[in-house]
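Next come the chains, spelled out residue by residue.
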Amino acid sequence: MKFVDPLTDLGPRLLEVEKPVRYTGGEYGSLAGATMNGASLRAAIIFPDLYEIGMSNQAFRILYNGLNSAGDAGAGISCDRAFAPAPDFEKLLGETGIPLYGLDTGIALYQCDLLLVTLGYELGITGFLSVLETSRIALRSADRGEGDPIVIMGGPCVSNPLPYSAFVDAFWIGEAEAGFFDLCRRLAALKKAGAARSDLLARLVEHPSVWTRGKAGPVRRAVYPRFGAEQSAAAVFPVPSFSVVQHHGAVEIMRGCPNGCRFCHAGVWYRPMRQKRADLVMRETDDFIRLGGYREVSLSSLSSGDYCRLDELISALNLRYGGRHISFQLPSLRVSGFSLSLLGGISEVRKSGLTFAVETPRDMDQLSLNKQVGLEEVSAILAEARRQGWRGAKFYFMVGLPIAGGENEAEAICGFVNEAAKRTRTHFNVNVGVFVPKPHTPYQWAAQLDEETARQKLHAIQNALKPRGHKVGVHDPFTAQLEGLISRGDERVGGLIETAFRRGCRLDGWSDFIRRDIWRELFAANAGLVTEALRPKALDEKLPWDIIESGTDKRHLAEEYENSRAGKSSAPCMEKCTNFCGLCGNDIKVVRNFIQAANKSVMGGEIEPAAGGQGVSAQNDLPRSETFDTASNKKPAYRMLFSYAKLGKAVFVSHLGVNEVFSMAFTRSQMPLVYTRGFNPLIRLEIASPVSIGISCRGEIASADLESVVAPDEFTRRLNTLLPEGFAITGAALYEIPFGAKKHSLASLLWGFRYRGEYVAFRDDKEYRSSRAVYGLQRDEVLAKHPGDQSAHTGYFGAYDFLYNPVI
């Protein structure tokens, strides 16, 4: 089998690309390496965007942790992971002839049995095609044979699989927990028994939740009825070695949403609402803190404010973790369900910001959307937030919604923001998107707003609000057109996608990468196809995505569309249903969490062992770190001075990444740490001097302040079990600093650096080496920067390979 070691196969050329750490692996908690030996089925999860987006994606992490947990249980599955390469890395792979590979094991993706693609955003499709091409896998499924992986795509975008169907062998429709993990176990058993690719594909097609081209009849979405009622593998690992887009723990407290907003694709696609038991929320939170090292945890859902007894849950979490400076986010709060007491709970440790998804400001229009976000309620929340020290807020709006009076929506949005600012004396961050009517929603029959009209409205909003001190961000209207074409198109759109890719389109969701010129040419050459996708639809016409059943009856969606036109609201999705959509029945039903967050099983008693970890006691086993206050306690300070090595894959971690690596390792260690004060408490960690990317070190100096004595040997032992590959504590010494004594920074004590360089040259096919040690060099005197430890990397042409130690 083909395996790639990026350090030896790409070597110093990794320094030619932006953020080479995206492509080296070695993160703390990588799982596939442990499940590779003896695995009969080798899979890789593909996220069709850059690393920092994919590692923030909850579905990606659920799949990775769930499948590797299945492998641990003896199912014979190993699941690696890979992400879309940025154009510079794609170019490097092409020049070196190296195929794209899994980050955990280095397996060449073309040698996997399954490639599992989660597509959460339509514009990620060209990133997926770049994964196939750099992996040496044929773009079109019809061109693949027995030696190729089976490509399976899932995610919310496959609610209309037709635009992607030429490139994908099979589509999983629905939630992975509702049968996909079991299906992979059966495929592993078949593979172990000698099944060929064609046998595995035939077994896939038999599953009722799998759609493929030519399959007769619609495929119904798989729904996991036990969500929130039973424990599953925590989606903690792996832990990135630098800050990604959403660099925090994420506990899914509720799946689905009860509110029935008519514009929301996710609200329909993830029905019905199922709330997770409070004790499971606490257990998963503990996993993210204790196993992952996160100090910020998001309680995620489509509408977290609808979670039963949310105030009590937040209070329980703060009681348990507040002393350790752990904070909690509620990223999706419905204003009409917002409790002012929540403000105090979510701001107890740090204030991360308030976000209000208003969508459209006028009351009548909000009835059409089946969503109410009144100015009076928003103003009351903002006024209370200001009294409690919150510094700002963000508003989300959309233009192009199919509502009456849409021609004046820009003026209405500006009026809402200015009135809220006047009442609360606050400047806002305002984000305005362009609405894209999505399949399987009541607005699937509506037309999409044209690009020029959308641009005029967005410019009007910017011109009106920016002079008043508000920050305004807007969605690119052309990107919205492209999103609409792909999400609402049929098989013919796949041809446009392939042509755009072959002409150079990549990562179209990024303004830095999208090639609007290419797409505009294709739009002009295929104007009829674009118009067909974006036009209004008749209620009785057959839609391209009717091959998929979301579970919500199409007649119900049509009724909701008519209610929107009439400005009528509908009842929310609850146990005693008065607005039957056709989904619930048998095992599928609305699930609310009625467990009181204040009872002992949640608040103060023993917690059962969580998936992947040991049980802990809320009262005894988790030491609480009181904020160090010398003025009141007059206690001595304790400073642990330590040295560390940064070798191999770790040399590509930036200085900011090194700080994050150690901060998260310290949180995992549960040591009695000292934190800074203020808006965002941080661990008192100091690194003597930053190390440039690509430089190895064996004795970098750093320090951490502690509240109490920790033996240096214990400090070293514990940290070394909690660090990513390539990092190691090499020595430690504890110093007591008496109360009132001056604390010196490490930078002020730094004398210089000790370097050892090795020059490697080749002449007449013979290798010549020379080494020397130099003392007291300044950082800018380093002549070259190349990765790695000279014992692990040889054969660089005319390269200096530096190792250095600071001297204090």
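See above for the structure.
This one's a predicted model, so the numbers in the text were calculated from it and none came from an experiment. (Residues numbered from 1 in each chain as written. Predicted model: local features only at pLDDT ≥ 70, side-chain atom pairs only at ≥ 80, totals over all residues. Heavy atoms only, no water.)

Engineer: Sorry if this is basic, but what is going on with the sheet that holds strand β13 (residues 354-359) here?
Structural biologist: Paired through their backbone hydrogen bonds, the strands of a sheet run either parallel or antiparallel. The sheet built from four strands is open, its strands ordered β13-β14-β15-β16 with parallel pairing. Of all the strands in the sheet, just β13 and β16 (471-474) have a single pairing partner and so form its edges. Across the sheet, the axes of successive neighbouring strands diverge by a mean angle of 20°, strand direction being ignored. Bridge analysis of strand β15 (residues 429-434) against β16 gives four bridges, and the strand direction is parallel. What sits directly across from Val 430, in β16, is Val 472. (Pairing = 2+ DSSP bridges. Helix = DSSP H or I, 4+ residues; strand = E, 2+ residues; numbered from the N terminus. Axes fitted to C-alpha atoms, helices over the stretch in contact; angles between N-to-C directions.)

Engineer: Where do I start with the pattern of salt bridges in this structure?
Structural biologist: Any two side chains of opposite charge can pair, on the condition that their charged atoms come close. In the structure shown here, the tally under the stated rule is 55 salt bridges. Salt-bridge contacts for Arg 81 lead to Asp 104; the nearest nitrogen and oxygen are separated by 2.8 Å. Here the residue Arg 81 occupies a position in strand β2 (residues 77-83), and Asp 104 occupies one in the loop between α5 (87-96) and β3 (114-118), the gap between them amounting to 23 residues. For the residue pair Arg 81 and Asp 104, the accessibility class agrees, reading buried in each case. (Salt bridge = Lys/Arg side-chain N within 4 Å of Asp/Glu carboxyl O. Buried < 20%, exposed > 50% of the residue type's maximum accessible area, 1.4 Å probe, protein only.)

Engineer: Looking at this model, I keep getting lost on helix α10 (residues 278-292). Mind explaining?
Structural biologist: Residues lying three or four places apart along an α-helix face the same way, a consequence of the helix completing one turn every 3.6 residues. The end-to-end C-alpha distance of α10, which contains 15 residues, comes to 20 Å, matching closely the 21 Å that a straight helix rising 1.5 Å per residue would cover. With 15 of 15 residues buried, α10 lies mostly within the body of the structure. One or two steps after α10, the chain reaches Gly 293, where phi turns positive at roughly 85°. (Expected span 1.5 Å × (residues − 1).)

Engineer: Whenever I open this one, the environment of Asn 720 confuses me. Can you help?
Structural biologist: Along the chain, Asn 720 falls in helix α25 (residues 712-720). A relative accessible area of 33% means that Asn 720 is categorised as partly exposed. For the pair Asn 720 and Ala 665, spaced 55 residues apart in the sequence, the C-alpha separation amounts to 9.0 Å. When sequence neighbours within four positions are dropped, the list of residues in contact with Asn 720 reads Ala 728 and Ile 729. (Contact = heavy atoms within 4.5 Å.)

Engineer: What is the right way to read the packing of aromatic side chains from this model?
Structural biologist: Remark: the centre distance and the inter-plane angle together describe each pair of aromatic rings, the angle taken between the planes. By the definition in use, this model includes 26 aromatic pairs. Relative to Phe 83, the ring of Phe 60 lies with its centre 5.1 Å away and its plane at 35°, an arrangement referred to as tilted. Taken together, the residues Phe 60 in helix α4 (residues 58-75) and Phe 83 in strand β2 connect sequence positions 23 residues apart. The exposure class of Phe 83 is buried, given its relative accessible area of 6%. (Phe/Tyr/Trp six-rings, centres within 6.5 Å; stacked < 30°, edge-to-face > 60°.)

Engineer: Looking at this model, I keep getting lost on the pairing of strand β1 (residues 41-47). Mind explaining?
Structural biologist: The side chains of a regular strand alternate between both faces of the sheet. Counting buried residues in β1 gives six out of seven residues, a clear majority hidden from the surface. For β1 and β2, the ladder comprises seven bridges, and the chain directions are parallel. Paired with Ala 44 across the two strands is Asp 80, which belongs to β2. Where β1 meets β3, four bridges bridge the pair, whose relative direction is parallel. Bridge pairing links Ile 45 to Leu 116 in β3.

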